[in-house]
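Topology and contacts: notes
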Amino acid sequence: MTDEASDRSRKPATAARMYDYYLGGVHNFAADREAAEKIIAMQPTFPAIARANRAFLGRAVRFLAESGVRQFLDLGSGMPTVGNVHEIAQDVTPDARVVYVDIDPVAVSESTDILAGNRHVVAVNADMRNPKSILDHPQVRDLIDFSRPTAVLLAAVLHFVPDDDQAYGLVDELRSALAPGSYLLISHASTEGFLASSENVEAIKSVYSQQTATPGGTRSQAGVERFFAGTELVEPGVTWSTTWRPADGDPSDFADDPRLSCIWAAVGKVV
Ligand SMILES: C[S@@+](CC[C@H](N)C(=O)[O-])C[C@H]1O[C@@H](n2cnc3c(N)ncnc32)[C@H](O)[C@@H]1O
């Protein structure tokens, strides 16, 4: 058994399927529900935090598609759920190309199932900590022409790369592969959000480190802004997930105190 496979059998929950459970999805197993329920017991707003992040992703993908982007590389894409990236992008541009990438093989096979017949979309099982394996992947190369503007989406995933050298290094490598006019989208668990200062934060982190193979952490607003080196931040810059270009129909959670959304969000244009 490889180290990764042995880690998976000892830590049977995954971030992808726990997130699916927070969002009310059906692509999760007993181990995921048990771990997610532990988190919700400590922090009942977790499902609302996930919904607000997902709503940001939807608004930002629409913004990118309306800005003329036709290629999307969605890293840490998770389980297929309401408002999938390809549905939003192809609503604006029917032949938009989308590559979903996730470390969780179940997320990839579930995504592959719902994509049958959509020849402009594919799901790939890979680890974004090795960007070259994604940039050189034949299925990625088949759909995405990196000499043309591409949006790289890193929604709620970089906090699963707590090592700074690895996280900033991988984003730098991805951005260097992009043509001018491309975009970087990031949402990220916040150090300044009330959650990171809550007495439960260490217990919440330990559920992820003990029950999944992807331990998590938080970064500050300045730390998230640092990922956007080499880009021009789109207005309003790095802000709370709920305050990034809010739109009609957004979930109403955290309207009185956006800090409670606990997630920094931003989009930058590669220059
Ligand atoms: C919280 S979910 C976010 C899903 C989606 N991006 C969203 O924002 O709605 C995080 C996802 O990142 C994936 N993930 C974590 N570490 C990863 C890695 N090193 N490479 C690829 N995917 C990863 C998890 O499997 C999970 O599906």
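Source: prediction; values computed, not measured.

**Observations concerning helix 11 (residues 201–211)**
Residues spaced three or four apart along an α-helix face the same direction, because each turn holds 3.6 residues. For helix 11, the set of buried residues is Val201, Ile204, Val207, Tyr208 and Gln211. Seen along its axis, helix 11 keeps its buried residues to an arc of 135°; they face one direction. Across from the buried face of helix 11, at angles greater than 90 degrees, the exposed residues are Glu202 and Gln210. Against the buried residues of helix 11 lie helix 2 (15–22), helix 3 (30–42), helix 4 (46–66) and helix 10 (194–197).

**Re the site of the ligand**
Not every one of the 20 residues close to the ligand is listed here, only the nearest: Tyr19, Arg54, Gly76, Asp102 and Asp127. Ile103 is positioned such that a nitrogen or oxygen atom in its backbone is 3.2 Å from a nitrogen atom of the ligand. In the environment of the ligand, a nitrogen atom lies 3.0 Å from a nitrogen or oxygen atom belonging to the backbone of Met128. In isolation the ligand exposes 600 Å². Once the protein is present, 98% of that is buried. Breaking the shell around the ligand down by element, the ones donating at least two residues are helix 2 and helix 4. Ranked by residues supplied to the shell around the ligand, first place goes to helix 4 with three residues.

**Digging into the environment of Phe254**
The topology assignment puts Phe254 in the loop between strand 7 (239–240) and strand 8 (263–270). Look at Phe254 and you get buried, because its relative accessible area is 12%. Taking the C-alpha atoms as reference points, Phe254 and Ala52, 202 residues apart in sequence, are found 8.7 Å from one another. Leaving out residues up to four positions away in the same chain, Phe254 has contacts with Thr45, Ala48, Ile49, Ala52, Thr242, Leu260 and Ser261.

**Some words on the pattern of salt bridges**
Counting across every chain of the model gives 13 salt bridges. A salt bridge links Asp32 to Arg17; its shortest N-O distance comes to 2.7 Å. Linking Asp32 in helix 3 with Arg17 in helix 2, this pair joins segments that are 15 residues apart in sequence. Overall, Asp32 belongs to the buried group, its relative accessible area being 0%. The partner of Arg129 in a salt bridge is Asp127, and the shortest N-O contact between them spans 2.8 Å. Linked by salt bridges that have partners in common, Arg17, Asp32 and Asp104 make up one network.

Conventions we followed
- Residues numbered from 1 in each chain as written.
- Predicted model: local features only at pLDDT ≥ 70, side-chain atom pairs only at ≥ 80, totals over all residues.
- Heavy atoms only, no water.
- Buried < 20%, exposed > 50% of the residue type's maximum accessible area, 1.4 Å probe, protein only.
- Helix = DSSP H or I, 4+ residues; strand = E, 2+ residues; numbered from the N terminus.
- Arc of directions from axis to C-beta.
- Contact = heavy atoms within 4.5 Å.
- Near = heavy atom within 4 Å.
- Polar contact = N/O pair within 3.5 Å; in protein donor to acceptor, adjacent residues only side chain to side chain.
- Areas by Shrake-Rupley, 256 points an atom, 1.4 Å probe, with all protein chains shown as cover.
- Salt bridge = Lys/Arg side-chain N within 4 Å of Asp/Glu carboxyl O.

Fair warning: the whole summary comes from geometry, so function is off the table for now.
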